[in-house]
Amino acid sequence: MPSLGPALRPNQWVPQRTYATMAAAWAALVILLWLFGAGIFPSPARVLEALRNLTASQGLIGELLTSLTLFAEALAVAVAISFTLAYLSVVPALRPIVTALTKARFLSLVGFTFVFTIWFSGGHALKLALLVFGISAFLLTSMVDVVASVPTEKLDHARTLRMGDWRVVWEVVVLGQMGPAFDAIRQNAAMGWMMLTMVEGLVRGEGGIGTMLVDQQKHFNLAAIVAVQGVFLIAGFFQDAFLGWLKSVLVPSAALVTARGKGG
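Residues numbered from 1 in each chain as written. Predicted model: local features only at pLDDT ≥ 70, side-chain atom pairs only at ≥ 80, totals over all residues. Heavy atoms only, no water.

Draft legend 1. Region of the structure containing the pattern of salt bridges. Inspection of the entire model under this criterion finds seven salt bridges. One salt bridge connects D183 with K247, and the closest N-O pair in it is separated by 2.8 Å. Of this pair, D183 sits in helix α9 (residues 178-202) while K247 sits in helix α11 (residues 222-250), placing them 64 residues apart in sequence. The exposure class of D183 is partly exposed, given its relative accessible area of 27%. By relative accessible area, K247 is classed as buried at 10%. (Salt bridge = Lys/Arg side-chain N within 4 Å of Asp/Glu carboxyl O. Helix = DSSP H or I, 4+ residues; strand = E, 2+ residues; numbered from the N terminus. Buried < 20%, exposed > 50% of the residue type's maximum accessible area, 1.4 Å probe, protein only.)

This is how it looks when you write it as structure tokens:
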């Protein structure tokens, strides 16, 4: 039985076995509360029945694939746009424009739906554009912070190696900050799942799991809502795990730093 003493004090390191034990205990507590609590949530049996009905009669798997495809496209475009703008912020003349674009995260998508509809004529292109706008506004802000966090000493060290200005940007800012850049993608991709429901609710032409969730909410089918939210949670979990694995493959040095931090 692992010792739980350090886990109950702040800023203490605990071994993976202890951490797994605590996670299992919390999970068991949540399940017990769900089974025997008198809350408003439907029972696990009702949620599983709703999940079966959604899969058999409403094409849940197909709707999920539609949403995953849209989300993957939007994330790829948003990463390309946000990373390019963030790396261009190293040029002082372009920095005010990039800084102004980061403020777009305070804007509501609802007010821009009409403008985007005129530009993209509805359908898949409109959904993609709205989702890219929503993700890019936040991802650009995170990436600008990643670029700005590069220590001046690293830039000076690269210059002492007789690197040109753009070579310094490539070696120190782009490659040197690849680990934090992956973390920014993981955080903002998770936020994108919240926007997915709104976008698919606004543009319902192609369906999607967000459209399914809005329909269930309209009829206040709480068991189906919990079932769809559970699918969201599982899809997001695997997406997060995939991005973490991709980071460990493409940026092994960042994964090594993380492992050392956990170990010590």
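Once you've had a look at it, read on.
Draft legend 2. Molecular detail of the packing of helix α3 (residues 60-88) against helix α10 (residues 209-218). Orientation of α3 relative to α10, taken along the N-to-C sense of each, is 125 degrees, at an axis distance of 7 Å. Between α3 and α10, the angle falls in the class oblique. For the pair formed by α3 and α10, the contact residues are L60, E63, L64 and S67 on the first element and I209, G210 and M212 on the second. (Axes fitted to C-alpha atoms, helices over the stretch in contact; angles between N-to-C directions. Parallel < 35°, antiparallel > 145°, perpendicular 65-115°, else oblique. Contact = heavy atoms within 4.5 Å.)

Draft legend 3. Region of the structure containing helix α6 (residues 123-148). Spanning 26 residues, α6 covers 38 Å between terminal C-alpha atoms, matching the ideal 38 Å at 1.5 Å per step. Maximum bend of α6: about 30 degrees, positioned at S136. (Expected span 1.5 Å × (residues − 1). Bend = angle between axes of the 7 residues up to and from the residue.)

Draft legend 4. Just unusual backbone geometry, in detail. Despite not being glycine, R162 shows a phi value in the positive range, around 65 degrees. With respect to the helices and strands, R162 occurs in the loop between α7 (152-160) and α8 (165-175). For R162, a relative accessible area of 78% gives the class exposed. The phi dihedral of F220 falls on the positive side, at around 50 degrees, and the residue is not glycine. As for its placement among the helices and strands, F220 is situated in the loop between α10 and α11.

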